[in-house]
Amino acid sequence: MPGRRYIFKANAIAAAARVHAIDSTRGLHHTIPALAVAALPTIGGKSEGKANNFCFQVKEPRKLSILSVQHAHSFIDGSLDSKGVAHTVTHSEVDGWSFLEKVRAERIVAHLESAHGQNESAPLIRPRKNIIEGLDLGGYQLKVVLDERLFGRCDSRKALADEFAKSDDLQTKYAWRFNADGKAKAIPTNAQGYYVCTLVKSIKWVGPANPDVTIDGYVLRWAGFGTIYIGEVLVGEGYRRISMIRVDLDAPPPPPKTGVKAMMLTADDGLDGGSGSGPDVGSNGGGT
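Quick caveat, the model's predicted, so the values are computed rather than measured.

About the thresholds
- Residues numbered from 1 in each chain as written.
- Predicted model: local features only at pLDDT ≥ 70, side-chain atom pairs only at ≥ 80, totals over all residues.
- Heavy atoms only, no water.
- Helix = DSSP H or I, 4+ residues; strand = E, 2+ residues; numbered from the N terminus.
- Rg over C-alpha atoms; globule rule 2.2 N^0.38 Å.
- Buried < 20%, exposed > 50% of the residue type's maximum accessible area, 1.4 Å probe, protein only.
- Lys, Arg positive; Asp, Glu negative; His and termini not counted.
- Charge placed at Lys NZ, Arg CZ, Asp CG, Glu CD.
- Arc of directions from axis to C-beta.
- Contact = heavy atoms within 4.5 Å.
- Phe/Tyr/Trp six-rings, centres within 6.5 Å; stacked < 30°, edge-to-face > 60°.
- Lys NZ or Arg CZ within 6 Å of the ring centre and 35° of its normal.
- Core = buried A, V, L, I, M, F, W, Y, C linked by side-chain atoms within 4.5 Å.
- Polar contact = N/O pair within 3.5 Å; in protein donor to acceptor, adjacent residues only side chain to side chain.
- pLDDT = per-residue confidence, 0-100.
- Salt bridge = Lys/Arg side-chain N within 4 Å of Asp/Glu carboxyl O.

Undergrad: Which residues make up the overall build of the chain, and what values go with them?
TA: Tallying secondary structure elements over the chain gives four helices and 20 strands in all. The C-alpha atoms of the chain give 21 Å as radius of gyration, which agrees with the globular expectation for 288 residues (19 Å, within 12%). In terms of overall dimensions, the chain has C-alpha extents of about 70 × 45 × 40 Å along its principal axes. Here the chain holds 288 residues, and the buried ones make up 48% of them. The chain carries 35 positive and 31 negative side-chain charges, and their two centres are separated by 2 Å.

Undergrad: Explain helix 2 (residues 157-166) to me, using residue names and the numbers behind them.
TA: Of all the positions in helix 2, only Arg-157, Leu-160, Glu-163 and Phe-164 are classed as buried. Projection of helix 2 onto a plane perpendicular to its axis shows the buried side chains occupying an angular sector of 135 degrees, all on one side. Facing away from the buried side of helix 2 by more than 90 degrees, the exposed set consists of Lys-158 and Lys-166. Where helix 2 is buried, its residues meet helix 1 (149-153), helix 3 (168-171), strand 13 (195-198), strand 17 (226-236) and strand 18 (239-249).

Undergrad: Account for the packing of aromatic side chains, with residues named and values stated.
TA: On inspection of all chains with the given rule, the structure shows seven aromatic pairs. Following the ring pairs from residue to residue traces out a cluster consisting of Phe-151, Phe-164 and Phe-178. Stacked on the ring of Trp-222, the Lys or Arg Lys-102 has its end atom at 4.7 Å from the ring centre. We note Arg-246 situated over the ring of Tyr-229; from NZ or CZ to the ring centre the distance is 4.1 Å.

Undergrad: A description of the nonpolar core should follow, citing residues and the corresponding values.
TA: Within the largest apolar cluster, 72 residues are counted, with the highest numbers of intra-cluster contacts made by Trp-97, Leu-135, Leu-160 and Ile-230. The element best represented in this core is strand 6 (residues 64-80), accounting for six residues. When residues no more than four places from it in sequence are discounted, the contact partners of Leu-160 are Leu-150, Phe-151, Cys-154, Phe-178, Ile-187, Tyr-195, Cys-197 and Val-235.

Undergrad: Which residues make up the environment of Asn-11, and what are the values?
TA: With respect to the helices and strands, Asn-11 occurs in strand 1 (residues 7-13). Linking Asn-11 and Pro-123, residues 112 residues apart in sequence, is a C-alpha distance of 16 Å.

Undergrad: Please give an account of the side chain of Arg-241 that cites residues and values.
TA: In this fold, Arg-241 is placed in strand 18. Residue classification places Arg-241 among the buried positions, given a relative accessible area of 14%. Of note is the side chain of Arg-241, whose polar atom sits 2.6 Å from the side chain of Asn-11. With residues up to four places along the chain from it excluded, the contact list for Arg-241 reads Asn-11, Leu-112, Glu-232, Val-233, Leu-234, Asp-280, Val-281 and Gly-282.

Undergrad: Tell me about the environment of His-71, and name the residues and values.
TA: One can find His-71 in strand 6. By relative accessible area, His-71 is classed as partly exposed at 25%. Through-space distance from the C-alpha of His-71 to that of Arg-177 is 30 Å; in sequence the pair is 106 residues apart. Residues in contact with His-71, not counting those within four places in the same chain, are Ala-51, Asn-52, Glu-93, Val-94 and Asp-95. A distance of 2.8 Å separates the side chain of His-71 from the side chain of Asn-52, its partner in a polar contact.

Undergrad: How would you sum up the confidence of the model for the chain? Please name residues and give values.
TA: Interpretation of this model should avoid reading the predicted coordinates in detail wherever pLDDT is low. Residues of the chain with pLDDT of at least 70 account for 91%, and the chain-wide mean is 92. Taken together, the stretch residues 259-270 has pLDDT below 50 and engages in 17 contacts with residues farther than four places along the chain or on a different chain.

Undergrad: Go over the side chain of Arg-177 with me, naming the residues and quoting the values.
TA: You can see Arg-177 is positioned in the loop between helix 3 and strand 13. When sequence neighbours within four positions are dropped, the list of residues in contact with Arg-177 reads Asp-147, Phe-151, Val-196, Cys-197, Thr-198, Leu-199 and Val-200.

Undergrad: Lay out the pattern of salt bridges in plain terms, naming residues and giving numbers.
TA: Throughout the structure, instances matching the rule amount to 16 salt bridges. Asp-155 is the partner of Arg-126 in a salt bridge, and the nearest nitrogen-oxygen pair spans 2.6 Å. A residue pair is termed long-range when its members are at least 10 positions apart, and Arg-126 in strand 9 (residues 124-127) and Asp-155 in the loop between helix 1 and helix 2 qualify at 29 residues. Across the salt bridge formed by Arg-221 and Asp-216, the nearest N and O atoms sit 3.2 Å from each other. Residue class for Arg-221 comes out partly exposed when judged on its relative accessible area of 39%. Owing to a relative accessible area of 41%, Asp-216 belongs among the partly exposed residues under this scheme. The structure contains a network of salt bridges with shared partners spanning Glu-93, Asp-95 and Arg-107.

Below is the structure:
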């Protein structure tokens, strides 16, 4: 029988994008390789990725920068202390992030820390010092306020579930932070069984509001462009993932059905517009 060992698991990605439609043009295949990627070996140790002055431009259907960053850096550190506790630090940050020249942020940081004791069934995972600054939608600025305290205090899935179950404020006033309907006594799960939550406490315009954007909790709905998710957290048993910014593009309407060719839409015709993302970190500590 092999000896008992700890298996580290964590990864970090600073930015990525795929775009299938620009303006009214469908069927595009612009896939930008993930930037500043770090992935922790099962034995632990260190992993790091960097990218500087990156810009992915296209010329068709018009000259456009799909994804650009001034500086991106991800790192992960996994180690065992003298008591056999496994510690994992997962970090990714971006300065000067821009997607399709419409969604911009001056600085974004995603950070998770986990600790897994020898006799614990799952790691305790806490967010720490996550940041999103200088968010700009089409020239209109937003101020994002994050609140990590709940997720830091409730560092396991069970602790978070117990806190929600006993808190009237979480069930009503802050139900939107858990994608709950204001009546639920338990945190709802998605199809994969995860809690889908957010670090966001508030999002407000700084100056005039973009007339095409509606703020819905931590979700920004931009008519004719797409949906932007801020500070989203997936919580599973012994697993957490933070996506600091994710953009799901609307697909343009299909072309007029004025001929056989126009009617022959396939999976390659860009039935979704694509997506873009900023810092994204995940950790489930590991297992033995």
